[in-house]
Amino acid sequence: MHFGADYYPEYWPRERWAVDARLMQEAGMDIVRIGEFAWRVFEPEEGIYRFDLFDDAIQLLGEHGIRVMLCTPTAAMPAWVEQKYPDVNVVDAAGRRRSWGARKNWCYNNPQMQELSRRITRAMAEHYAHHPNIIAWQTDNEFSYSGCMCDHCAAAFRRWLAAHYDSPEALNAAWGLRFWSMEIHSFGEMIPPRERAHSPSHMLDYRRFQSDQVLAFNREQVQIIKSCDPRARVTHNYMTTYTGIDYRRMAHDLDFVANDMYPRDITALERAAFGHDVIRGYNGGAGFWMNELQCGYINRENQLRTPPPGMIRLWTHQAIAHGADAILYFRWRSCTGGCEQFHSGIVQHDGSPVSRSYREIKGIGQEIERLRALGLTGSAIENEVAILRSFDMARAMEVYYGGRLFDYDAELQRYHRALLHHNIGMDVVHPEDDLSRYRVVLAPLLMLVTPAQVARLRTYVEQGGTLITSYRLGAYDWNAIVPTETLPGDALADLFGVRIHEYDSLMTEAPADPTPVVAWNGQTYATQVWADMLEPTGAEVLARYTNEWYAPYAAITQHQVGKGVAIYVGAALEDRFYEAFLPPLLGAAGVMPALETPPGVQVKVRRVHGEPLWFVLNCTTASQPITLPQPMHDVLLDRPVGRTFVLPPRDVVALRSA
Ligand code: GAL
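It is worth spelling out the sheet that holds strand β24 (residues 632–634) at this point. Strands sit in the order β21-β22-β27-β24-β25 across an open sheet of five strands; the sheet is antiparallel. At either margin of the open sheet sits one strand with a lone partner, and together these are β21 (601–608) and β25 (639–641). Averaged over all pairs of adjacent strands, the angle between their axes in this sheet comes to 35°, without regard to strand direction. Sheet topology places β24 next to strand β27 (residues 652–657); three bridges connect them, and they run antiparallel. If you follow M632 over to β27, its bridge partner there is S657.

Turning our attention to the side chain of S199. Here S199 is to be found in the loop between α7 (168–175) and α8 (200–228). Under the relative-accessibility criterion, S199 is labelled buried at 9%. In this structure the side chain of S199 is engaged in a polar contact, spanning 3.0 Å, whose partner is the backbone nitrogen of H202. When neighbours within four sequence positions are excluded, S199 is seen to be in contact with W175, L177 and M182.

Here we have nine strands laid out as an open sheet, ordered β5-β4-β3-β2-β1-β9-β8-β7-β6, and parallel in their pairing. In this open sheet, the two strands that pair with only one neighbour each are β5 (234–235) and β6 (237–238). Bridge count for strand β8 (residues 288–294) against strand β9 (residues 324–330) is five bridges, and the pairing is parallel. Among the inter-strand pairings, M290 is bridged to a residue of β9, identified as I327. Along the sheet face, helix α5 (residues 111–128) touches β3 (67–71) and β4 (134–138) and points at about 170° away from the line of β4.

So, on to unusual backbone geometry. Along the chain, F330 connects to R331 via a cis peptide bond; the corresponding omega equals -5°. Residue P488 follows L487 across a cis peptide bond; omega there is 0°. Of note, P488 is situated in the loop between β13 (466–470) and α16 (490–496). Backbone geometry places E548, a non-glycine residue, at a positive phi of 60°. Inspection of the secondary structure assignment puts E548 in the loop between β17 (540–545) and β18 (554–561). By relative accessible area, which is 39% here, E548 ends up partly exposed.

Let us look at the site of the ligand. Around the ligand, a shell composed of F37, R103, N141, E142, D260, Y262, E292, R300, F330, E340 and H343 is seen. Take N141: an N or O atom from its side chain is 2.9 Å from an oxygen atom of the ligand. A distance of 2.7 Å is found between an oxygen atom of the ligand and a side-chain nitrogen or oxygen belonging to H343. Residue composition of the shell around the ligand, grouped by class: three nonpolar, two polar and six charged.

A few words now on the nonpolar core. With 183 residues, the main nonpolar core has M29, Y329, W332, L442 and L582 as its most contacted residues. If one sorts the elements of this core by residue count, α8 sits on top with nine residues. For this core, the domains that each give at least three residues are domain 1 (385–588) and domain 2 (601–657). Residues V90, Y145, Y165 and A174 belong to the second largest nonpolar core, which totals 22 residues.

The next point concerns α5. The terminal C-alpha atoms of α5 lie 26 Å apart, and with 18 residues this matches the ideal 26 Å at 1.5 Å per residue to within 8%. Taken together, the buried positions of α5 are occupied by M113, L116, S117, I120, T121, A123, M124, A125 and Y128. Those residues of α5 hidden inside the fold are in contact with α2 (39–42), α3 (52–63), β3, α4 (79–84), β4 and α8. Among the residues of α5, the N-terminal cap falls to N110, whose side-chain oxygen and the backbone nitrogen of Q112 are separated by 2.9 Å. Trailing α5 by a residue or two, H130 shows a phi angle of about 60°, which is positive.

On to the packing of helix α10 (residues 269–282) against helix α11 (residues 311–321). At a minimum axis distance of 10 Å, the contact between α10 and α11 shows a crossing angle of 30°. As the angle between them shows, α10 and α11 are arranged roughly parallel. Between α10 and α11 lies a crossing of right-handed hand. In this structure, α10 contributes L269, A272, A273 and H276 to the contact, and α11 contributes M311, L314, W315, Q318 and A319. Tallied by class, the residues present in the contact of α10 with α11 amount to seven nonpolar, two polar and no charged.

Another aspect to go through is the packing of aromatic side chains. Scanning the model with the defined rule gives 39 aromatic pairs in all. Between the aromatic rings of Y238 and Y247, the centroid separation amounts to 3.8 Å while the plane-to-plane angle is 10°, which identifies the pairing as stacked. Relative to Y247, the ring of Y242 has its centre 6.1 Å away and its plane inclined at 55°; by these criteria the two rings are tilted. For Y242, a relative accessible area of 24% translates into the label partly exposed. A relative accessible area of 1% places Y247 in the buried class. An aromatic cluster is defined as three or more aromatic residues linked by ring pairs; in this entry it consists of Y415, W520, Y525, F577, Y578 and F581. Sitting over the ring of Y145, R207 keeps its end group 3.6 Å from the ring centre. Sitting above the plane of the Y503 ring, R472 keeps its charged end 4.5 Å from the centroid.

Here is what the cut-offs are and how they apply
Residues numbered from 1 in each chain as written. Predicted model: local features only at pLDDT ≥ 70, side-chain atom pairs only at ≥ 80, totals over all residues. Heavy atoms only, no water. Pairing = 2+ DSSP bridges. Helix = DSSP H or I, 4+ residues; strand = E, 2+ residues; numbered from the N terminus. Axes fitted to C-alpha atoms, helices over the stretch in contact; angles between N-to-C directions. Buried < 20%, exposed > 50% of the residue type's maximum accessible area, 1.4 Å probe, protein only. Polar contact = N/O pair within 3.5 Å; in protein donor to acceptor, adjacent residues only side chain to side chain. Contact = heavy atoms within 4.5 Å. Near = heavy atom within 4 Å. Nonpolar A, V, L, I, M, F, W, Y, C, P; charged D, E, K, R; others polar. Core = buried A, V, L, I, M, F, W, Y, C linked by side-chain atoms within 4.5 Å. Domains from an automatic or database assignment. Expected span 1.5 Å × (residues − 1). Parallel < 35°, antiparallel > 145°, perpendicular 65-115°, else oblique. Left-handed = near helix turned anticlockwise from the far one by under 90°. Phe/Tyr/Trp six-rings, centres within 6.5 Å; stacked < 30°, edge-to-face > 60°. Lys NZ or Arg CZ within 6 Å of the ring centre and 35° of its normal.

Structure follows, in structure tokens:
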């Protein structure tokens, strides 16, 4: 279990480094991440490499017991790159080229940039291969979709299309390009989707193509590092729920997944819980790293608040409870210049350890030591419920015209939140991951779905699984083409026992008048976002719409298939619906809450040497009474805890059997 910070020795005088290293050591830290924005230091002129500054910093840190995660520095390019290669910068849809001066402003498809990336990565990888104090590498920093549409992108896109489609005719058919005379005779006619009303299929594949290019860029850096040092462990820092690139596939090229998270305040801790579950899914289970965790105020979105006492500790243990095996805070020290000059570090601009963040983190350092001693590192999280989430689904929501108000993650979180409130742990997995170990699989907004995925879902249900889906099921094929079979398509109709001939979008700016409601178990619930009118063809009706022209239709159905059930929730509903509807279904499937706690208290369980370690996190600003099945022991503060106790605001305990 590692504990540390993101450190920028290049911003500070050398004389200060020893002070920093000592303060880190005193706070129980054992790692720093360095280098991601230091390309100009490593390569001040093209082909001239300088390692002395980082050599000395790595050496000195090592003398204080601080190990290093070294980054390739391509995230921010020096001025000489643009001077020599003026076409490296991203070009937007209107043809405007971005300028040098910020970061992440270059194009992944630019051959010159690709070559420069190879060279600096190789130079660093050769120089630092087998270095005893470097224990991990990070490629670049927060790869993202650049939106670039330059000529290099256009050429690479044509090559990508030629590799994915047999012929221009096949492409025309797959994308439905007869519409508005968009058919092509040769791949050479195809361009990036620069116009606002390009076909959804075109836009979807452009995003897939750009994602593939980012993956290839990352993969090359990984391969170069490993060719110089086969034992090197390489990661990349993800941006939690970001879906601009296919993180799941990127994970196949990495040794482990790392994440960056800025929870901002206490109200965001449900979203943060979802984000951690998403990242654990990409990592194939617990053991992901937090390469950047917020440790103070941040200067985005109009200056956010300074975290009150206990907040950093709560963020930290929430991450660990969800499977983090390393915590690095962004950043060690607030910097004096640059556009992030008012972004807090652990120590402030004055470098003083009197800062409240430093003192809080020093306390956390002792708790991490106890978790290490217990053997938490590498310990598992075992959940019986999974929620399906994929890059292609997220992208399909984005290209879908008229669906701009669809928020994919908001729909997933309706379900995630309800389970979180009941302390039922959940994994976030891909439709093609192994589902057989889950008692319940939630598949909301499964709009873009392939025949192979449908077949897997069917097998899952036949073998005894409980599958729950929501609206817009099967409304897109792989290419964002609307199928001609009656919704949700024959195979899904067979699985869920319903047909859909009518639906209603509730995402208009004018509110629906009156709002259609669903009656379930003696209560009514207002519909939101979208409503599918379900016509059972074999399914049992669990709930109906009760007003307007919706009234004859079913809203929620359940279909027995083999040993399992397939449940269709036809609309998005108020939160209190999911809170009431899901627990009995989960109970029937044998899934029980970890512990009953007051609202706002989250419980997550990690299994250390087979024994449960319960993290109980008070994510509220009031004290909360907790009742345990028996007295336990709090590992964090190494103290006994009675069967009933009061957990103060923002406080957390990690409990094992006494
Ligand atoms: C992250 C980024 C860091 C820093 C931070 C500020 O997204 O990786 O370099 O900019 O945001 O909050």
